[in-house]
Amino acid sequence: MKKIGAIIAAAFILTAGASTQAADSVYEGVVFYIPHRIIDAVDVFSMTLGFGPTARLKVFATRDFAFGAGIGVDAALVKQINRQYGAGLESGWDTSFAMISAEHSQRESSVGSVKDFYYYSTGTPSPSENVYKFYDGARDFWSLGVEAGVGLVEFTFELHPVEIADFITGWVFIDIKDDDFSVEDISF
């Protein structure tokens, strides 16, 4: 009888932490529900505004299917995939016709949460390349967008289908991008 009591007490003690963790998870889900939905809505699009000598016109439906070309060097204000906010120096050239492309571009000297990258590719782009990492890459392989620049101004606008899905599924507590924050992520 003493052994059964000890086993029940040990089981209770071992599962008490799990119950607390589950309760914390539910609590965070309720408290941060609206902020998560707002942030997920903002994640749906990206914009970059650059200033410097440029000539560019390109439209794309994923990086795998694009039409256009461009060349330029600019200092850019960036709001990009994977919550990159800030500025950086961008330079390079690219040309694309359907699924065939060539590109040599880079972003460096970034400030804020903007990621630096160097990218050189010929042929068909691949989502397995480091610059396109799903959770923390500098660029979104699956985005739909347009790049335009002439003279001293360049503008990029992108929609992110994966972020749209993350926003929609977030309403039922499913976080596809695993980017919802918790109490531990907030530091003062």
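In case you missed it, the structure is sitting above this.
These figures come from a predicted structure and were not determined experimentally.

*Asks:* Tell me what's going on with the overall build of the protein chain, and back it up with residues and numbers.
*Replies:* A count of helices and strands for the protein chain gives three helices and six strands. Helices and strands in the protein chain line up, N terminus first, as α-α-β-β-β-β-β-β-α. Across the 188 residues that make up the protein chain, the buried fraction comes to 37%. Within the protein chain, contacts between residues separated by at least 24 positions form 56% of all contacts whose residues are at least 6 apart in sequence. Taken as a whole, the protein chain presents about 10800 Å² of accessible surface, with 73% of it coming from carbon and sulfur.

*Asks:* Break down the side chain of Glu154 for me, citing the residues and quoting the values.
*Replies:* Residue position: Glu154 is located in strand β6 (residues 144–159). Looking at Glu154, the relative accessible area reads 8%, which means it is buried. Apart from the residues lying within four places of it in its own chain, the contact partners of Glu154 are Thr48, Leu49, Gly50, Thr54, Arg56, Asp74, Ala148 and Gly149.

*Asks:* Can you lay out helix α3 (residues 161–170) for me, pointing to particular residues and giving the numbers?
*Replies:* Where α3 is concerned, the buried positions are Glu163, Asp166 and Gly170. Burial along α3 is one-sided: seen end-on, the buried residues are contained in an arc of 55°.

*Asks:* Give a description of the packing of helix α2 (residues 33–43) against α3 that names residues and reports values.
*Replies:* Relative orientation of the contacting elements α2 and α3 amounts to 160°, with a least axis distance of 8 Å. Put simply, α2 runs roughly antiparallel to α3. Considering the relative orientation of α2 and α3, their crossing is left-handed. Contacts from Tyr33, Arg37, Asp40, Ala41 and Asp43 of α2 reach α3 at Glu163, Asp166, Phe167 and Gly170. The residue makeup of the contact of α2 with α3, split by class, is three nonpolar, one polar and five charged.

*Asks:* Mind laying out the environment of Glu154, listing which residues take part and the relevant values?
*Replies:* Sequence separation between Glu154 and Phe51 is 103 residues; the distance between their C-alpha atoms is 6.4 Å. A polar atom in the side chain of Glu154 sits 2.8 Å from the side chain of Thr54.

*Asks:* How would you summarise the side chain of Arg37 if you had to cite specific residues and measurements?
*Replies:* As for its placement among the helices and strands, Arg37 is situated in helix α2. Here Arg37 falls in the buried class, since its relative accessible area comes to 5%. For Arg37, the side chain forms a polar contact with the side chain of Asp40, separated by 3.0 Å. One polar contact links the side chain of Arg37 to the main-chain carbonyl oxygen of Gly170, over a distance of 3.3 Å. The residues contacting Arg37, other than those within four sequence positions of it, are Phe167, Gly170, Trp171 and Asp180.

*Asks:* Lay out the pairing of strand β3 (residues 84–98) in plain terms, naming residues and giving numbers.
*Replies:* Bridging between strand β2 (residues 66–80) and β3 involves 15 bridges; their strand directions are antiparallel. Opposite Ala75, over in β3, you have Leu89 as the bridge partner. Connecting β2 to the next strand, β3, in antiparallel fashion are three residues, including Asn82 with a positive phi near 60°. Where β3 hands over to strand β4 (residues 100–112), the hairpin turn is made up of one residue, counted between the paired strands.

Quick notes on the rules
- Residues numbered from 1 in each chain as written.
- Predicted model: local features only at pLDDT ≥ 70, side-chain atom pairs only at ≥ 80, totals over all residues.
- Heavy atoms only, no water.
- Helix = DSSP H or I, 4+ residues; strand = E, 2+ residues; numbered from the N terminus.
- Buried < 20%, exposed > 50% of the residue type's maximum accessible area, 1.4 Å probe, protein only.
- Contact = heavy atoms within 4.5 Å.
- Areas by Shrake-Rupley, 256 points an atom, 1.4 Å probe, with all protein chains shown as cover.
- Arc of directions from axis to C-beta.
- Axes fitted to C-alpha atoms, helices over the stretch in contact; angles between N-to-C directions.
- Parallel < 35°, antiparallel > 145°, perpendicular 65-115°, else oblique.
- Left-handed = near helix turned anticlockwise from the far one by under 90°.
- Nonpolar A, V, L, I, M, F, W, Y, C, P; charged D, E, K, R; others polar.
- Polar contact = N/O pair within 3.5 Å; in protein donor to acceptor, adjacent residues only side chain to side chain.
- Pairing = 2+ DSSP bridges.

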